Amino acid sequence: MARVELKNIEKVYEGGVKAVHGANVVIEDQEFVVFVGPSGCGKSTTLRMVAGLEDISSGDLLIDGERVNDLPPKNRNIAMVFQNYALYPHMTVYENMAFGLRIRKLPDAEIDSRVRAAAKILSIEMLLDRKPKALSGGQRQRVAVGRAIVRNPKVFLFDEPLSNLDAKLRVQMRTEIAKLHHRLKATMIYVTHDQVEAMTMGDKIVVMKDGLIQQIGSPLLLYDHPANKFVAGFIGSPPMNFLEGVIEGGTPLRVKGEGFSFAVAPEHRDSLAAHVGKTVSIGIRPEHMMIAPREQEDNVINAHITVIEELGAEAHIYMSRAADDSENLIARVDQRHGYKMDDTVKITPEASAVRYFDGETGRALLGVIGPIRMSSRRQAE
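Residues numbered from 1 in each chain as written. Predicted model: local features only at pLDDT ≥ 70, side-chain atom pairs only at ≥ 80, totals over all residues. Heavy atoms only, no water.

Draft legend 1. Geometry of the packing of aromatic side chains. Scanning the model with the defined rule gives six aromatic pairs in all. Aromatic pair phenylalanine 32 and tyrosine 190: ring centres 5.9 Å apart, planes at 40°, arrangement tilted. Highlighted residues: phenylalanine 32 in strand E3 (residues 32–36) and tyrosine 190 in strand E8 (residues 187–192), separated in sequence by 158 residues. One aromatic cluster is present, built from ring pairs that chain together Phe32, Phe158 and Tyr190. Positioned over the ring face of phenylalanine 242 is lysine 229, at 5.1 Å from the centre of the ring. Its end group placed over the ring of tyrosine 223, arginine 285 keeps NZ or CZ at 4.0 Å from the ring centre. (Phe/Tyr/Trp six-rings, centres within 6.5 Å; stacked < 30°, edge-to-face > 60°. Helix = DSSP H or I, 4+ residues; strand = E, 2+ residues; numbered from the N terminus. Lys NZ or Arg CZ within 6 Å of the ring centre and 35° of its normal.)

As structure tokens, then:
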């Protein structure tokens, strides 16, 4: 397989519209890397530059140390799986999978061997004589993946391949692709707007916004130590809760906002001491938003339950703050929570799990552990 390196890659369209700003990413051999971000963030454009389907405006793209900026797609030894499957409707599954190999004029025996081996890996041997119109969405996606496998490429590229499938099939197919990666030990680059797909599939995640890379790291690193407020709010489902407050001096250090005052965890005090008097955004994951005993007065927010989502093993409780009815908070609780809609409760954060972000720039104030590569451009929220 291959190591892929993006060195200060940029994409500028006519009229000066910059879609990708100086992307620097290293994708190691056999690594599964997921590019994730909202629509229009530049993730698919980046993937298409790797594939050779978009010209690179500036920077260098290296595959196994070789600069490939000027190589046509067919010479990069890369296989791409598209969102719409891109199957030939008049060809059978076998013919679709064999087509690229016939173009390369491989011997018939080798083509047959590769097609049947890929079909076995994907459990579609019984579909080889059918045409795409006779297949379900999941089966078509398997054929598209099989067409990529038979080429034995250096790098597999996936451009939102599951977005056309229903929810149950998406879950099934993402586990199948993860198994495929483990079996093939291939270098894979995957693009999605779904952060759940990113968290469950990637060895490493690249989070993008407005053409800028916000953070690169393992799923748990991004979840536990987001580099800025955007990453914190984008990664995680349900999303992180945010409150606005001011760091107050004293012993202990506290953060105070409309209707609440929390003591800062001892392990965070040194990092926040320099920010006394400054406005911060406080981030709290739903699982760290606990419902406090009614008699507790310190470190609590008074809230009103507006919606309860029962999910079986757990429940999501949506609340509005007594101080601001328009602001929703979410707590993830055990299924036997015993609460009901319209209840008034007190909630308290797990202090050590609270994350703090600069009120102006959105940057994390507690630091980030791990090999994080941040854009030099200031991140505004």
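Draft legend 2. How the structure looks around the sheet that holds E3. Pairing is mixed across the open sheet formed by six strands, whose spatial order is E6-E7-E8-E3-E9-E10. Across the chains shown, the open sheet's two edge strands, defined by having one partner strand only, are strand E6 (78–81) and strand E10 (212–217). For this sheet, the mean inter-axis angle between neighbouring strands, taken without regard to orientation, is 15°. When strand E7 (residues 155–159) meets E8, the two strands line up parallel, connected through five bridges. Considered in E8, the bridge of phenylalanine 156 is made with methionine 188. (Pairing = 2+ DSSP bridges. Axes fitted to C-alpha atoms, helices over the stretch in contact; angles between N-to-C directions.)

Draft legend 3. Structural view of the sheet that holds strand E1 (residues 4–12). Pairing is antiparallel across the open sheet formed by four strands, whose spatial order is E2-E1-E4-E5. If you trace the sheet from one side to the other, it starts and ends with strand E2 (18–27) and strand E5 (66–67), each paired once. On top of the sheet, helix H1 (residues 43–51) reaches E1, E2 and strand E4 (58–63); it is set at about 115° to E1, its chief contact. (Contact = heavy atoms within 4.5 Å.)

Draft legend 4. Structural view of the nonpolar core. In terms of nonpolar packing, the biggest core is built from 49 residues, with Met97, Val115, Phe158, Tyr190 and Val207 touching the most fellow members. Look past the residues within four positions of valine 115 in its chain and what remains in contact with it is Tyr94, Met97, Ala98, Leu128 and Val150. Core analysis: the second largest hydrophobic core is formed by 30 residues, Ala2, Ala23, Met49 and Ile56 among them. (Core = buried A, V, L, I, M, F, W, Y, C linked by side-chain atoms within 4.5 Å. Buried < 20%, exposed > 50% of the residue type's maximum accessible area, 1.4 Å probe, protein only.)

Draft legend 5. Structural context of the pattern of salt bridges. This structure, assessed with the given rule, holds 18 salt bridges. The partner of arginine 3 in a salt bridge is glutamate 28, with the nearest N and O atoms 3.0 Å apart. Highlighted residues: arginine 3 in the segment before E1 and glutamate 28 in the loop between E2 and E3, separated in sequence by 25 residues. Overall, arginine 3 belongs to the partly exposed group, its relative accessible area being 34%. Exposure remark for glutamate 28: the relative accessible area of 35% places this residue in the partly exposed category. Residue arginine 332 pairs with glutamate 314 through a salt bridge whose shortest N-O separation is 3.3 Å. You can see arginine 332 sitting in strand E18 (residues 324–334) and its partner glutamate 314 sitting in strand E17 (residues 314–321), a full 18 residues away along the chain. (Salt bridge = Lys/Arg side-chain N within 4 Å of Asp/Glu carboxyl O.)

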